[in-house]
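# Architecture at a glance
Now for the letters of each chain:
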Amino acid sequence: MAIGKVRTGTYGIIAEFSSPADLTAAAEAARDAGYTQMDAFSPFPIHNLHEAVGMKSTGLSSMSALVLIGGIIGGIGGFFMCWYANVISYPLNIGGKPFNSWPAWIPITFECAILLAAFAAVFGMLALNSLPMPYHPVFNVKRFDQASRDKFFLVIQARDPKFDLDTVWKFLEALHPREVVDVPW
């Protein structure tokens, strides 16, 4: 499907709603109309809004896979570090113990696994959420500063395959918002 009319420098079209119920209903209507690239902004969490804008909750996410991989790499790295130090780099014969005395390395292996899993969790969360994001195009909308106080916004992005400037504008106006505004880059 070809992309419709998009004004150069347009991020999307944003509509302001007066209540959480209106925002959720508008997001569901947009999803039912076939729009897939949209986002909602609210001063507090709204039940079922993430499903209404098309976000799906899955059991195993990419975040849990990142933490698992970080933990495995940390555990292997911690074990290798102990093995290399005691077997290759500085072997000491203490009381007839073998150089490769792995039970003594379990705490170090565990701690390194936890450390790298925690680093993977923090940096993975930042990367997956595209943070830090000091600028976002919706900040160009004059009334958007109220989104953290008492206003509710739904934006349909211009990158949506079904986006056509006039069609989306009329669609959002049909949902009876307080205001519909073009979001410039």
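Cut-offs used in this document
Residues numbered from 1 in each chain as written. Predicted model: local features only at pLDDT ≥ 70, side-chain atom pairs only at ≥ 80, totals over all residues. Heavy atoms only, no water. Pairing = 2+ DSSP bridges. Helix = DSSP H or I, 4+ residues; strand = E, 2+ residues; numbered from the N terminus. Axes fitted to C-alpha atoms, helices over the stretch in contact; angles between N-to-C directions. Buried < 20%, exposed > 50% of the residue type's maximum accessible area, 1.4 Å probe, protein only. Arc of directions from axis to C-beta. Contact = heavy atoms within 4.5 Å. Salt bridge = Lys/Arg side-chain N within 4 Å of Asp/Glu carboxyl O.

### Topic: the sheet that holds strand β1 (residues 10-17)
- Taking strand neighbours across the sheet as the criterion, the four strands line up as β2-β3-β1-β4 in an open arrangement whose pairing is antiparallel. In the strand order of this sheet, the two ends are held by β2 (38-41) and β4 (179-184), each with one partner. Strand-to-strand twist in this sheet, taken as the mean axis angle between neighbours without regard to direction, amounts to 20°.
- The pairing of β1 with β4 spans six bridges and is antiparallel. Its bridge partner lying in β4, Thr10 is registered against Pro184.

### Topic: helix α5 (residues 165-174)
- Considered for burial, the residues of α5 that qualify are Leu165, Val168, Phe171 and Leu172. Taken end-on, α5 shows its buried residues confined to a sector of 135°, consistent with a single buried face.
- Residues of α5 that are buried sit in contact with β1, α1 (20-32), β3 (152-157) and β4.
- Phi turns positive, to about 60°, at His176, one or two residues after α5.

### A word on the pattern of salt bridges
- For the coordinates displayed, the defined rule picks out five salt bridges.
- Note that Arg143 and Glu16 form a salt bridge whose closest N and O atoms lie 2.7 Å from each other. You can see Arg143 sitting in the loop between α4 (106-128) and β3 and its partner Glu16 sitting in strand β1, a full 127 residues away along the chain.
- In this structure Arg143 comes out as partly exposed when scored by relative accessible area, which is 34%.
- Notably, a salt bridge pairs Arg143 with Glu179, separated by 3.3 Å at the nearest N-O pair. Of this pair, Arg143 sits in the loop between α4 and β3 while Glu179 sits in strand β4; the two residues are 36 residues apart in sequence, bridging distant segments of the chain.

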